[in-house]
Amino acid sequence: MHEITILVGLIKMVEKAAIQNNIEEIDTVVIQIGEMSSIVPKYMVKYFPNAAEDTLLENSKLKIEEIPANGLCHHCNKVFKIVKNKGKCPLCKADDWEMLSGMEFILKEIIVNSQNLE
Ligand SMILES: [Zn+2]
């Protein structure tokens, strides 16, 4: 279960950014997770409240956007959804392709509680 370790790292990163920007309250943290990264979104959501306990993010929400894994076929140049097509090009059935997206782990946005803005 490495999601907890990832969450702790994420929270530290957000806290650091918040301190640098004099932010005292964070409404929502938005992250992007690639479909083929080894991170399971539902575990991230499940363990976020525990990981955020006693931090600046204690009352914050975690929003996850999943990025589909896309592959580029080396034989016919088709771009296809890797997971849906079980790792084979749907056009020529080749399994010789490169991954274009799907391994991401990105801190996309920190949404600050708007009522605290001057
Ligand atoms: Zn192909």
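The structure presented is a predicted model; accordingly, all values stated were derived computationally and were not measured. (Residues numbered from 1 in each chain as written. Predicted model: local features only at pLDDT ≥ 70, side-chain atom pairs only at ≥ 80, totals over all residues. Heavy atoms only, no water.)

Participant: Talk me through the packing of aromatic side chains; I want residue IDs and the actual numbers.
Facilitator: Applying the stated criterion to the full structure yields 2 aromatic pairs. Summarising the aromatic geometry, the rings of Y43 and Y47 are spaced 6.2 Å apart at their centres and angled 40° between planes, so their arrangement reads as tilted. Remark: Y47 and Y43 occur in helix α2 (residues 41-52); sequence separation between them is 4 residues, near one turn of the helix. Summarising the aromatic geometry, the rings of F80 and W97 are spaced 6.1 Å apart at their centres and angled 90° between planes, so their arrangement reads as edge-to-face. With F80 in strand β4 (residues 79-81) and W97 in strand β5 (residues 97-101), this pair connects stretches of sequence that are 17 residues apart. Given a relative accessible area of 2%, F80 falls into the buried group. By relative accessible area, which is 22% here, W97 ends up partly exposed. (Phe/Tyr/Trp six-rings, centres within 6.5 Å; stacked < 30°, edge-to-face > 60°. Helix = DSSP H or I, 4+ residues; strand = E, 2+ residues; numbered from the N terminus. Buried < 20%, exposed > 50% of the residue type's maximum accessible area, 1.4 Å probe, protein only.)

Participant: Lay out the coordination of the zinc ion in plain terms, naming residues and giving numbers.
Facilitator: Protein-derived ligands of the zinc ion are C73 (SG), C76 (SG), C89 (SG) and C92 (SG), with the metal-ligand distances lying across 2.3 Å. Metal-centred angles of 104 to 116° between the 4 donor atoms at the zinc ion mark the site as tetrahedral. The sequence motif formed by the donor residues of the zinc ion is C-x2-C-x12-C-x2-C. Of this pair, C76 sits in the loop between β3 (70-73) and β4 while C92 is found in the loop between β4 and β5, placing the two residues 16 residues apart along the sequence. What makes C92 partly exposed here is its relative accessible area of 34%. (Donors = N, O, S within 2.8 Å, 3.2 Å for Na, K, Ca; no water. Tetrahedral: all angles 85-135°; square planar, octahedral: opposite > 155°, others 65-115°.)

Participant: Let's hear about the sheet that holds strand β2 (residues 61-67): which residues, and what values?
Facilitator: On the basis of which strands lie adjacent, the open sheet formed by 3 strands has the order β2-β1-β6 and mixed pairing. In the strand order of this sheet, the two ends are held by β2 and β6 (105-112), each with one partner. On average, adjacent strands in this sheet sit at an angle of 20° to one another, irrespective of strand direction. Inspection of the sheet shows strand β1 (residues 26-34) paired to β6 by 7 bridges, in the antiparallel sense. Among the inter-strand pairings, Q32 is bridged to a residue of β6, identified as I106. (Pairing = 2+ DSSP bridges. Axes fitted to C-alpha atoms, helices over the stretch in contact; angles between N-to-C directions.)

Participant: Describe the pattern of salt bridges, naming the residues involved and giving the relevant values.
Facilitator: The full count for this structure, using the stated rule, is 3 salt bridges. Across the salt bridge formed by K61 and D27, the nearest N and O atoms sit 3.4 Å from each other. Here D27 lies in strand β1 and K61 lies in strand β2, a separation of 34 residues in the sequence. The partner of K108 in a salt bridge is E65, and the shortest N-O contact between them spans 3.1 Å. Of the two residues, K108 sits in strand β6 while E65 sits in strand β2, which places them 43 residues apart along the sequence. By relative accessible area, K108 is classed as partly exposed at 43%. (Salt bridge = Lys/Arg side-chain N within 4 Å of Asp/Glu carboxyl O.)

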